[in-house]
Protein chains: 2
Amino acid sequence: MNSRPSAPALLAEVTRGPAVESRHFGHAVVVDPNGKVLFAAGDPEHPTYPRSSLKPLQALAGLSKRTDQAFRFTDAEIAVICASHAAEPRHREAVARILEKIQATEDDLRCGPHAVPHAPTRDALIREDRQPTPIYSNCSGKHSGMLALARVLEAPLHGYWEADHPVQREIQRVLAAACDTDLSRLQWGTDGCGVPTYLMPLRELALGFARLAAPDRLSESDAAAARRITAAMNAEPEMVRGEGGFDSVVMRAMPGVLVCKGGAEGCEAAGLLGSGIGIAVKVEDGSARPLAAVVLSLFQRFGALSGSVPEALLPLLRPVVHNTRGEEVGEVHACV
Amino acid sequence: MNSRPSAPALLAEVTRGPAVESRHFGHAVVVDPNGKVLFAAGDPEHPTYPRSSLKPLQALAGLSKRTDQAFRFTDAEIAVICASHAAEPRHREAVARILEKIQATEDDLRCGPHAVPHAPTRDALIREDRQPTPIYSNCSGKHSGMLALARVLEAPLHGYWEADHPVQREIQRVLAAACDTDLSRLQWGTDGCGVPTYLMPLRELALGFARLAAPDRLSESDAAAARRITAAMNAEPEMVRGEGGFDSVVMRAMPGVLVCKGGAEGCEAAGLLGSGIGIAVKVEDGSARPLAAVVLSLFQRFGALSGSVPEALLPLLRPVVHNTRGEEVGEVHACV
């Protein structure tokens, strides 16, 4: 198990009536593109599986090999490669288009079917007595991007989920280039969708997003890919999560200001496009509940949310806790 | 806010591959019926909203006034009064029978509609394009029990959710009698279902369950009510939560051994019927994920799970983490 269990900091409180009912502990770190730590709560070196927060960097591996040019990917298709999408029709359609362009099929996707978050899509499946297929997985865009990379590398599609497959080797190269990850010590687990999820100090995840946002220090091909990815995610934010999703709402409310991506088990990573500041948060208990308040609080402190807060973000700063009658009974607020 | 923020203890770890991915912190306390603390992790005085863990004690207020005799409640009906049920047909039917017996209707229930946890029931509503009504709320049994108490007290049904209504006054009397709660300092928030949820030191919740399990120290009417409640919950454990629910599975696997009840935001309380030991756990982050492993670990330490563990409980001791492909990728294990 982990060699150094690290002491977490209080990240957020959840109130009910006159008292704090629940508290979320974890780690947060802010770095510049040189890797200098500008802020830390908890342990910036906390060993973290970034889960889906890594998707824009996993996408970088493909775009650095010009998959976007080989297959004429649109902004929407690049954004869905970076997405944890909600299986809305537009998401499934984009993944289907990618598969068609790369001459692959849904059967080539390794991702298992997911619980469908988009309620109308879920209800339609139930009414039609159908089970979700792999394309409904929130990771199906990432998987289709990995298949596209396999095509460009002229590698077999089969096995793209194995840590020593050429696709994963390219992703590991990106981790070294963007996050300064020491590949000789790299460990991984199996992600929810069946591919490796790499274990890294939280600071390295923040650094990867700093360099995604300000890619001058990357190689020419990586830098071009980074610019294409951040532009596509900002042009098509609803492809990154979907209607009402945090990443989609934030990039829609502040277009061109930042790139951000959430991951399972309480992860969020962001890069500020102007300053090249990178931010990463891991909620120790794996809950997404405090992330919006915590991340927006860090955006305020580090300049992405200066001046007036866009109206769409106001309810996310201090989310209200409702009861089943719709009454306000408490709130979530950040402590960092 | 709370006067004393208390330092939580590590309650459980969640692994993925070679590393710990997430950790749950919180508080746990074990007491005897005299209130002596036998074990504590974190802060036994942590101010806690027991939420639905309080339901058997809320039910005690009604049964102590002999609602069960006045309305000839069955074991199933008493168990559903103590329940966070899954809205299975048997649960809704039991609540409907209670409402009929006490000459009340679904319109008298204050509880708002809930997301329905029982998948076949949820799917049936979606197929029929219907919204869940108040009887589908997991708290509808508790509310019908409160209405029954209002009938016996000859109090108005309306307003039973107000802290100064005779129904709530009776519940507060039970808190003082069973939990040694100091009513002069009592605070409350609004529970998910619209009635008061009382704030109490975690130790007092454990004490309430110790005395529920070993009621000799209670008044004659409270003790008789406690015995009726623990017998009914053990006779009809599936009415307390439903198919596959933790409390239902535990009481079904070890009939007559204990009484236990989970609550929202990471609460669980239990009383061991033989020894009168009371146990209460609050996961700080509000997650239910670590509760089974943590509570079963405490059952093992304090004698409710001596000898061989019933087969139905084995998967709950160290729950496996699966990915969407059904593969084992990690586990949850208790640290207390």
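Just so you know, these numbers come straight off a predicted model, no measurement behind them.

Draft legend 1. Seen up close, the overall build of chain A. Of the regular secondary structure elements, chain A holds twelve helices and eleven strands. Relative to the 2.2 N^0.38 estimate, which gives 20 Å for 336 residues, the radius of gyration of chain A is 19 Å and therefore close to what a compact globule would have. With the principal axes as the frame, chain A shows a C-alpha extent of 60 × 50 × 40 Å. Taken over 336 residues, chain A has a buried fraction of 63%. The long-range share in chain A, meaning contacts at least 24 apart out of those at least 6 apart in sequence, stands at 64%. Both charge centroids of chain A, one from 35 positive and one from 40 negative side chains, sit 2 Å from each other.

Draft legend 2. Up close: the interface of chain B and chain A. Listed by partner, the interface residues are 50 residues for chain B and 50 residues for chain A. Interface area, chain B with chain A, both sides summed: about 4,200 Å², of which 49% is carbon and sulfur. If you sort the residues of chain B by the area they bury against chain A, E21, R23 and T324 of chain B come out on top, with a joint share of 16%. Taken together, chain B and chain A are joined by eight salt bridges. The partner of R289 of chain B in a salt bridge is E265 of chain A, and the shortest N-O contact between them spans 2.7 Å. Put simply, chain B and chain A have 28 residue pairs in polar contact (both at pLDDT 80 or more) between them. Taken together, the elements giving at least two residues each to the side of chain B that touches chain A come down to β1 (9-16), β2 (19-31), α5 (119-127), β5 (187-190) and β6 (196-201) of chain B.

Draft legend 3. Region of the structure containing the relation of the copies chain B and chain A. Mapping chain B onto chain A is achieved by rotating through 180° and translating by 0.0 Å along the same axis, at an RMSD of 0.0 Å. Taken together, the turn and the small shift mark the pair as related by a two-fold rotation axis. Residues of chain B ranked by C-alpha distance from the rotation axis are headed by R127 of chain B, positioned 2.6 Å from it. The residues that chain B uses at the interface reappear at the interface of chain A in 100% of cases, marking a shared surface.

Draft legend 4. Main features of the sheet that holds strand β4 (residues 47-48) of chain A. Residues and elements named next belong to chain A. Taken in spatial order, the three strands make up an open sheet running β4-β6-β5, and their pairing is antiparallel. Edge strands, defined here as strands with exactly one partner in the open sheet, are β4 and β5 (187-190). Of the strand pairs in this sheet, β5 and strand β6 (residues 196-201) are connected by four bridges, and their pairing is antiparallel. Across the sheet, residue T190 finds its bridge partner in β6, namely P196. Against the sheet, helix α8 (residues 202-213) contacts β4 and β6, and its axis sits at roughly 105° relative to β6.

Draft legend 5. Focus on the nonpolar core. Within the largest apolar cluster, 103 residues are counted, with the highest numbers of intra-cluster contacts made by V281 and F299 of chain B. With residues near it in sequence (within four places) discarded, F299 of chain B still touches V250, M254, L258, A270, L272, I279, A304 and L305 of chain B. If you look at the next biggest cluster of nonpolar residues, it comprises 102 residues, including L11, V31, A76 and V174 of chain A.

Draft legend 6. Expanded view of helix α7 (residues 166-179) of chain A. Residues and elements named next belong to chain A. Between its first and last C-alpha, α7 extends 19 Å over 14 residues, near the 20 Å set by a 1.5 Å rise per residue. Within the span of α7, buried status applies to V167, Q168, E170, I171, Q172, V174, L175, A178 and C179. Tucked inside the fold, the buried residues of α7 contact α1 (55-64), α6 (140-152), β6 and α8. Residue D180 follows α7 closely and has a positive phi angle near 60°.

Reading the values: the criteria
- Residues numbered from 1 in each chain as written.
- Chains lettered and ligands numbered in written order.
- Predicted model: local features only at pLDDT ≥ 70, side-chain atom pairs only at ≥ 80, totals over all residues.
- Heavy atoms only, no water.
- Helix = DSSP H or I, 4+ residues; strand = E, 2+ residues; numbered from the N terminus.
- Rg over C-alpha atoms; globule rule 2.2 N^0.38 Å.
- Buried < 20%, exposed > 50% of the residue type's maximum accessible area, 1.4 Å probe, protein only.
- Contact = heavy atoms within 4.5 Å.
- Lys, Arg positive; Asp, Glu negative; His and termini not counted.
- Charge placed at Lys NZ, Arg CZ, Asp CG, Glu CD.
- Buried area = accessible area lost by both parts, 1.4 Å probe.
- Salt bridge = Lys/Arg side-chain N within 4 Å of Asp/Glu carboxyl O.
- Polar contact = N/O pair within 3.5 Å; in protein donor to acceptor, adjacent residues only side chain to side chain.
- Least-squares fit on C-alpha atoms with pLDDT ≥ 70 in both.
- Pairing = 2+ DSSP bridges.
- Axes fitted to C-alpha atoms, helices over the stretch in contact; angles between N-to-C directions.
- Core = buried A, V, L, I, M, F, W, Y, C linked by side-chain atoms within 4.5 Å.
- Expected span 1.5 Å × (residues − 1).

These values are about where atoms sit, not about what they do.
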